[in-house]
Amino acid sequence: MPEGEVTVRVPAQLRSLTAGNREVTVPAGSVLDVIKALDAAHPGLQERLLDETGTLRRFVNVFVADEDVRFLDGLATVVQPGQAVSIVPAVAGG
């Protein structure tokens, strides 16, 4: 498990849970570890990001260093210290 911290970029829709912060810092680890650390510091984030089965919600995209985790190792994707994690809500169009 990598030691150190990562920066998580929080979208406007979730900033009410982070006291308005655009970015928060949590310990490095897997994407799931990062989400759990986010939820420990800012309760309610995990349920907004993961469904009842523990997988990313369809309308939530998570990027590690600008790479979509769905095309990497999903929630097991390792986030190295110093990397950025971006939470990006999917945009519906029509």
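Criteria and thresholds
- Residues numbered from 1 in each chain as written.
- Predicted model: local features only at pLDDT ≥ 70, side-chain atom pairs only at ≥ 80, totals over all residues.
- Heavy atoms only, no water.
- Helix = DSSP H or I, 4+ residues; strand = E, 2+ residues; numbered from the N terminus.
- Buried < 20%, exposed > 50% of the residue type's maximum accessible area, 1.4 Å probe, protein only.
- Contact = heavy atoms within 4.5 Å.
- Lys, Arg positive; Asp, Glu negative; His and termini not counted.
- Charge placed at Lys NZ, Arg CZ, Asp CG, Glu CD.
- Pairing = 2+ DSSP bridges.
- Axes fitted to C-alpha atoms, helices over the stretch in contact; angles between N-to-C directions.
- Salt bridge = Lys/Arg side-chain N within 4 Å of Asp/Glu carboxyl O.

Chemist: Help me out: how do you make sense of the overall build of the chain in this one?
Modeler: Per the secondary structure count, the chain includes 2 helices and 7 strands. Helices (α) and strands (β) of the chain occur, in sequence order from the N terminus, as β-β-β-α-α-β-β-β-β. When the 94 residues of the chain are sorted by exposure, 38% land in the buried category. Of the contacts made within the chain by residues no fewer than 6 positions apart, 51% connect residues no fewer than 24 positions apart. Here the chain contributes 8 positive and 12 negative side-chain charges, whose respective centroids are spaced 9 Å apart.

Chemist: Honestly, the sheet that holds strand 5 (residues 67–68) in this entry has me stumped. Any pointers?
Modeler: Sheet strands pair by backbone hydrogen bonding; their relative direction is either parallel or antiparallel. In space, the 5 strands of this open sheet follow the order 2-1-7-4-5, with mixed pairing throughout. Each edge of the sheet is formed by a strand with only one pairing partner; in this case those strands are strand 2 (23–27) and strand 5. The pairing of strand 4 (residues 60–64) with strand 5 spans 2 bridges and is antiparallel. Looking at the pairing, F63 lines up with D68 of strand 5. Across the sheet, helix 1 (residues 31–41) lies against strand 1 (5–9), strand 2, strand 4 and strand 7 (84–89), angled at about 115° from strand 2, the strand it touches most.

Chemist: Help me out: how do you make sense of the pattern of salt bridges in this one?
Modeler: Here the idea is simple: oppositely charged side chains can pair when their charged atoms come close. One pass over the full model with this rule turns up 1 salt bridge. One salt bridge in this structure joins R9 and E23, with 3.7 Å as the shortest N-O distance. Here the residue R9 occupies a position in strand 1, and E23 occupies one in strand 2, the gap between them amounting to 14 residues.

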